[in-house]
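Tertiary structure, described
Here's the letter readout for the chains.
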Protein chains: 2
Amino acid sequence: MPIPHVADPLGVILLRLQRSLERELIQGLQAGGYPDIRMRQLSVLDAVGADGAKAAALAARFDMTKQSMGELIDDLERSGYLGRAQDPSDRRARILELTPRGKVATEQCRQIVQAIERRYESLIGASRYHETRMSLAALLEHLEDGPVS
Amino acid sequence: MPIPHVADPLGVILLRLQRSLERELIQGLQAGGYPDIRMRQLSVLDAVGADGAKAAALAARFDMTKQSMGELIDDLERSGYLGRAQDPSDRRARILELTPRGKVATEQCRQIVQAIERRYESLIGASRYHETRMSLAALLEHLEDGPVS
């Protein structure tokens, strides 16, 4: 029997769950024909989403330098997940968009996450899973609503 | 009244809670005299910990290139959080260690996280908070123990 994690602070548990979920997601994508995609790249594709995004905005959002984000975007373009279009509101600016391959990958991502969550539900039971999700959602409500002291 | 997050999948809720916790932690550190520290840097300092670590191991752990991790480490050295010592088991290798300033910063980090969690507890009530932590810990137990399908 492994040592339980009940003594861990919530922050540590959240981080470990997040990591476990990410690991399973990456494994699912590898099995689904996306062997080379990394979590940070996936987050960027998700942020680009249906509306597209500019490189500078992505760098700010992920707290990365423009240069590091530029390299990440170059990788995603080379792998065929991202393309560039001209920004209709600014002739000099380029806007990043998901390619068809990028759209399929992010959709597959969503389906894998759904399957992972169904498994979570079966592991601790539907009512306990539901309780937990409600409590965390309530906590998030307070945190994103109220002032941060 | 804001729209509740109860419809969100658990993965999204976990991610948002994680981000909220990180934001508060960074604000706490800024207020405590560490105005320039970023989350990724903090994670690296935490991974270096009391035992020290090698740059290559840190790069692998954080899924970063050696070059990107090298830049991050250089920043942390310049800011006085990290230092280098010779590895006693390998004359050519250097091992990274927390400086006294680095140790104080990571300790302050732990205290801020504890304060955040006490606040979480007060926001949704001690028994609900306890339930939630136990359920998530149970889930984590299954996930880290059993095979990942």
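The shown structure was predicted, so the numbers you read here are calculated from the model rather than taken from an experiment.

**Focus on the pattern of salt bridges**
Note on pairing: side chains with opposite charge can pair once their charged atoms come close. Residue and element names in this part refer to chain A. Tallied over the entire structure, the rule returns 12 salt bridges over all chains. The residue E24 makes a salt bridge to R119 at a minimum N-O spacing of 2.8 Å. Placement of the pair is E24 in helix α1 (residues 10-31) and R119 in helix α5 (residues 100-124), with a sequence separation of 95 residues. Like E24, the residue R119 is buried in the burial classification. Two residues, R110 and E107, come together in a salt bridge whose shortest N-O distance is 3.3 Å. Residue R110 and its partner E107 are both found in helix α5; the two are separated by 3 residues, about one turn of the helix. According to the relative accessible area criterion, R110 is partly exposed, its value standing at 43%. The network of salt bridges with shared partners includes D74, E77 and R84.

**As for helix α2 (residues 39-48) of chain B**
All names here are of chain B. Among the 10 residues that make up α2, 7 are buried, leaving the element largely enclosed by the rest of the structure. For α2, the set of buried residues is M39, Q41, L42, V44, L45, A47 and V48. Where α2 terminates, the next one or two residues include G49, which has phi positive at roughly 50°.

**So, the relation of the copies chain B and chain A**
Mapping chain B onto chain A leaves a residual RMSD of 0.1 Å; the transformation is a rotation of 180° accompanied by 0.1 Å of translation along its axis. The transformation relating the two chain copies, once decomposed into turn and shift, fits a two-fold axis. In terms of C-alpha distance to the rotation axis, chain B has T132 of chain B as its closest residue, with the C-alpha 2.7 Å off the axis. The share of interface residues of chain B whose copies in chain A are also at the interface is 98%, consistent with both copies meeting through the same surface.

**Digging into helix α4 (residues 66-78) of chain A**
All names here are of chain A. The end-to-end C-alpha separation of α4 is 18 Å, in line with the 18 Å expected for 13 residues at 1.5 Å each. Where α4 is concerned, the buried positions are M69, L72, I73 and L76. Across the axial projection of α4, the buried residues extend over an arc of 100°, all falling on one side. In α4, those exposed residues whose orientation departs by more than 90 degrees from the buried face are Q67 and R78. Where α4 ends, the next residue or the one after it, G80, has phi of about 85°, a positive value.

**Things to note about the interface of chain B and chain A**
Accessible area lost when the parts come together is the quantity often used to give the size of an interface. With 48 residues of chain B in contact, the opposing surface of chain A contributes 48 residues. Buried area between chain B and chain A, summed over both chains or domains, comes out near 5100 Å², and the portion from carbon and sulfur atoms is 61%. Here chain B and chain A share 2 salt bridges between them. For the side of chain B that touches chain A, the secondary structure elements donating two or more residues are α1 (10-31), α5 (100-124) and α6 (126-145) of chain B. Considering every element that reaches the side of chain B that touches chain A, the biggest residue donor is α6 of chain B, with 16 residues.

**Let's talk about the packing of α1 of chain A against α1 of chain B**
Put simply, α1 of chain A and α1 of chain B touch, their axes get as near as 10 Å, and they point 135° apart. Relative to α1 of chain B, α1 of chain A is oriented oblique. For α1 of chain A against α1 of chain B, the interelement crossing comes out left-handed. Facing α1 of chain A, whose interface residues are G11, L14, L15, L17, Q18 and L21 of chain A, α1 of chain B presents G11, L14, L15, L17, Q18 and L21 of chain B.

What counts and how
- Residues numbered from 1 in each chain as written.
- Chains lettered and ligands numbered in written order.
- Predicted model: local features only at pLDDT ≥ 70, side-chain atom pairs only at ≥ 80, totals over all residues.
- Heavy atoms only, no water.
- Salt bridge = Lys/Arg side-chain N within 4 Å of Asp/Glu carboxyl O.
- Helix = DSSP H or I, 4+ residues; strand = E, 2+ residues; numbered from the N terminus.
- Buried < 20%, exposed > 50% of the residue type's maximum accessible area, 1.4 Å probe, protein only.
- Least-squares fit on C-alpha atoms with pLDDT ≥ 70 in both.
- Contact = heavy atoms within 4.5 Å.
- Expected span 1.5 Å × (residues − 1).
- Arc of directions from axis to C-beta.
- Buried area = accessible area lost by both parts, 1.4 Å probe.
- Axes fitted to C-alpha atoms, helices over the stretch in contact; angles between N-to-C directions.
- Parallel < 35°, antiparallel > 145°, perpendicular 65-115°, else oblique.
- Left-handed = near helix turned anticlockwise from the far one by under 90°.

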